[in-house]
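# Examining the three-dimensional arrangement
Each chain, letter by letter, is given below.
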Amino acid sequence: MPGDIGVVFGRYLRATLRSKTNLFFGMLQPLLFLALFGPLLTRLDLGTAGSTWQTFVPGVLVQLALLGGSFVGLGILMDRNLGVVDRMRATPVGLVALLLGRTLRDVVQLVTQAVLLVLLALAFGFRAPVAGVLAGLAFVAVLSTALAALSYGLAMNVRTSPEFAAVTNTAVMPLMLASGLLLPMSLAPGWLDGVSRAVPFRYTVDAVREVFLGHYANGTVAAGAAVTAGLAALCLPAAARLFRRAVSR
C-alpha cells in the first residue's frame, strides 16, 4: 500500500508541477483576500486577542484548505471521463491507493500554498511564534486530507462537472460563512453564533488562532484538534467507500 500510494502521488505531483497556470490560480483567491480584504480590518476591533492579522490569517489558511480541498474532485471527474481511471484500474495499484495518492498530492500542494501565504502575511505585519505556525500548518494538513479525500469520493458518484460544482458550492459556501473564517463569531448575533457551533470548521479556525497567539494547551486548541481529527476519521473511510462503490459499478 505505501509503495502504491507513492507511485500515484509521484505521478500527480509531477503533473501539478508542470501546470504553472493551475498553481498560480490555486493561490490567487486566498492571496486576494489577504492583500485586498485584510488591510480593511487593521483599524477594526474584532473582539479577539492579538493583532487583526493574527485573527485574519488563520481564517485565510483554513479557507484555503476548505476551498482547495473541496473542489479537487473536478480533476478526477476529468480523468474518469477521459478513461484514465479505467486504465489505472487495470494496473496492480489498489483502489484505496489511487484515492490516497491523489489526496497526498493535494495536501502537499495546499500546505505549500499555506506556507507562501504566511510568508506574504509577514510583509503586511503578521507575527506569530514559529511553533504556532507549524501547529497551524498541521491543522491545515489534516483538514485538507479529510476534504480532498471526500471530494474525490463524491466526484466519482456524480455524472458531470457542473453537477459536482453545484453540489459543492451549495455545501461549502454556507459552511464557510457560518464558521467565522474571515471575521470571528464574537461579532455575530446570538442566533448566528449558535448556528456556527454546529460547523466543525469553526473549531479548527479558533484553534489555529489560539496557536498563532502562542497558546497551545487550552480548551479551544484541544476542541479544535479533536474536531479536526474526528472529521478526518469520518471522511477518509467514507471517501474510500464512495470511491469503491463508484469504481465497482
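First, a word on what this report is: a plain description of the structure on this page. (Residues numbered from 1 in each chain as written. Predicted model: local features only at pLDDT ≥ 70, side-chain atom pairs only at ≥ 80, totals over all residues. Heavy atoms only, no water.)

### Quick notes on the overall build of the protein
So the rule is basically this: Numbering of helices and strands runs from the N terminus, with a helix taken as a DSSP run of H or I at least four residues long and a strand as a DSSP run of E at least two residues long. Each radius of gyration is computed over the set of C-alpha atoms, and the globule rule expresses the reference value as 2.2 Å times the number of residues to the power 0.38. Note on areas: Shrake-Rupley with a 1.4 Å probe; residue coverage comes only from the protein chains shown.
Regarding its fold elements, the protein presents 11 helices and 0 strands. The order of α-helices and β-strands along the protein, N terminus first, is α-α-α-α-α-α-α-α-α-α-α. On C-alpha atoms alone, the protein measures out to a radius of gyration of 18 Å, which is about the 18 Å that the 2.2 N^0.38 rule sets for 249 residues. Counting only C-alpha atoms, the protein reaches 55 × 35 × 35 Å along its principal axes. By element, 69% of the accessible surface of the protein is carried by carbon and sulfur atoms, the whole surface being about 11600 Å².

### Here we look at the side chain of S144
Filter applied, for reference: Think of a polar contact as two N or O atoms within 3.5 Å of one another; within protein, one of them needs to be a possible hydrogen donor and the other a possible acceptor, and neighboring residues in sequence only count if both atoms come from side chains. By the convention used here, residues are in contact when the closest approach between their heavy atoms is within 4.5 Å.
Of note, S144 is situated in helix α7 (residues 130-155). Of note is the side chain of S144, whose polar atom sits 2.6 Å from the backbone oxygen of V140. Beyond its immediate stretch of four places on either side in the chain, S144 contacts A65, V107 and L110.

### Some remarks on the pattern of salt bridges
As a reminder of what qualifies: Just to be clear on terms, a salt bridge is a Lys or Arg side-chain nitrogen sitting within 4 Å of an Asp or Glu carboxyl oxygen.
Under the defined criterion, the tally for this structure stands at 7 salt bridges. Members of the salt-bridge network, linked through shared partners, are D193, R197, R202, D206 and R209.

### A closer look at the nonpolar core
Within soluble globular proteins, side chains that are nonpolar tend to cluster in buried spots. Using the following cut-off: Residues belong to one nonpolar core when they are buried, are Ala, Val, Leu, Ile, Met, Phe, Trp, Tyr or Cys, and are joined through side-chain atoms within 4.5 Å. Accessibility here uses a 1.4 Å probe with only protein chains present; expressed as a share of the type maximum, an area under 20% marks a residue as buried, one over 50% as exposed, and anything in between as partly exposed.
Core analysis: the biggest nonpolar cluster contains 42 residues, and V57, L61 and F212 have the highest contact counts within it. Among the elements that line this core, the one with the most residues is helix α3 (residues 52-70), at 10 residues. Counting 24 residues, the second largest nonpolar core, distinct from the first, contains I5, A148, M156 and A239.

### Some thoughts on the environment of L120
For L120, the location among the structural elements is in helix α6 (residues 95-124). Given the relative accessible area of 31%, L120 is considered partly exposed. Each C-alpha atom of the pair L120 and L137 lies 15 Å from the other, and the pair is 17 residues apart in sequence. Setting aside anything within four residues of it in sequence, one finds L120 in contact with L31 and L34.

### A few points about the packing of helix α1 (residues 2-18) against α6
Formally: Under this scheme, a helix contributes an axis fitted over its contacting stretch, all axes are lines through C-alpha atoms, and angles between N-to-C directions fall in the 0 to 180 degree range. Roughly parallel refers to an angle under 35 degrees, roughly antiparallel to one over 145, roughly perpendicular to one between 65 and 115, and oblique to any angle outside these ranges. Each crossing gets its handedness from the near helix: less than a right angle anticlockwise from the far helix is left-handed, clockwise is right-handed. Side-chain classes follow a simple rule in which Ala, Val, Leu, Ile, Met, Phe, Trp, Tyr, Cys and Pro form the nonpolar group, Asp, Glu, Lys and Arg form the charged group, and the remainder, Gly included, forms the polar group.
Interhelical geometry of α1 versus α6 gives an angle of 45° and a closest axis separation of 8 Å. In terms of orientation, α1 lies oblique with respect to α6. Crossing of α1 against α6: the hand is right-handed. Along the contact surface, α1 presents D4, I5, V8, F9, Y12, L13 and T16, while α6 presents A97, L98, L100, G101, R102, L104, R105, V108 and Q109. Among the residues making up the contact of α1 with α6, the classes are represented as 10 nonpolar, 3 polar and 3 charged.

### Brief notes about the packing of aromatic side chains
Rule in force here: Pairing of aromatic rings covers Phe, Tyr and the six-membered ring of Trp, with a centre-to-centre limit of 6.5 Å; geometry is then stacked below 30 degrees between planes, edge-to-face above 60, and tilted otherwise. Comment: the charge-over-ring label is applied if NZ (Lys) or CZ (Arg) is within 6 Å of the ring centre and within 35 degrees of the ring normal.
All chains considered together, the criterion is met by 3 aromatic pairs. For the ring pair W53 and F56, a centre distance of 6.1 Å and an interplane angle of 70° mean the geometry is edge-to-face. In this pair, W53 and F56 both sit in helix α3, 3 residues apart, roughly one turn of the helix. An angle of 35° between the planes, with centres 5.4 Å apart, marks the rings of W53 and F124 as tilted. Here F124 lies in helix α6 and W53 lies in helix α3, a separation of 71 residues in the sequence. Counting every residue linked through ring pairs, the aromatic cluster contains W53, F56 and F124. The ring of Y12 carries the charged tip of R11 above its face, separated from the ring centre by 4.7 Å. Across from the ring centre of Y12, 4.2 Å away, lies the NZ or CZ of R102, which sits over that ring.

### Description of helix α8 (residues 161-178)
Since there are 3.6 residues in each turn of an α-helix, residues three or four apart along the chain are aligned in direction. We apply this condition: The span you would expect from a helix comes to 1.5 Å times its residue count less one.
Taking 1.5 Å of rise per residue, 18 residues should cover 26 Å, and α8 covers 26 Å from first to last C-alpha, within 8% of that figure. Every buried residue of α8 is accounted for by F164, T168, V172, M176 and A178. Against the buried residues of α8 lie α3, α4 (73-82), α7 and α9 (190-196). Between a side-chain oxygen at the N-terminus of α8 and the backbone nitrogen of E163 the separation is 3.3 Å; the capping residue is T160. Backbone geometry just after α8 places G180 at a positive phi near 75°.

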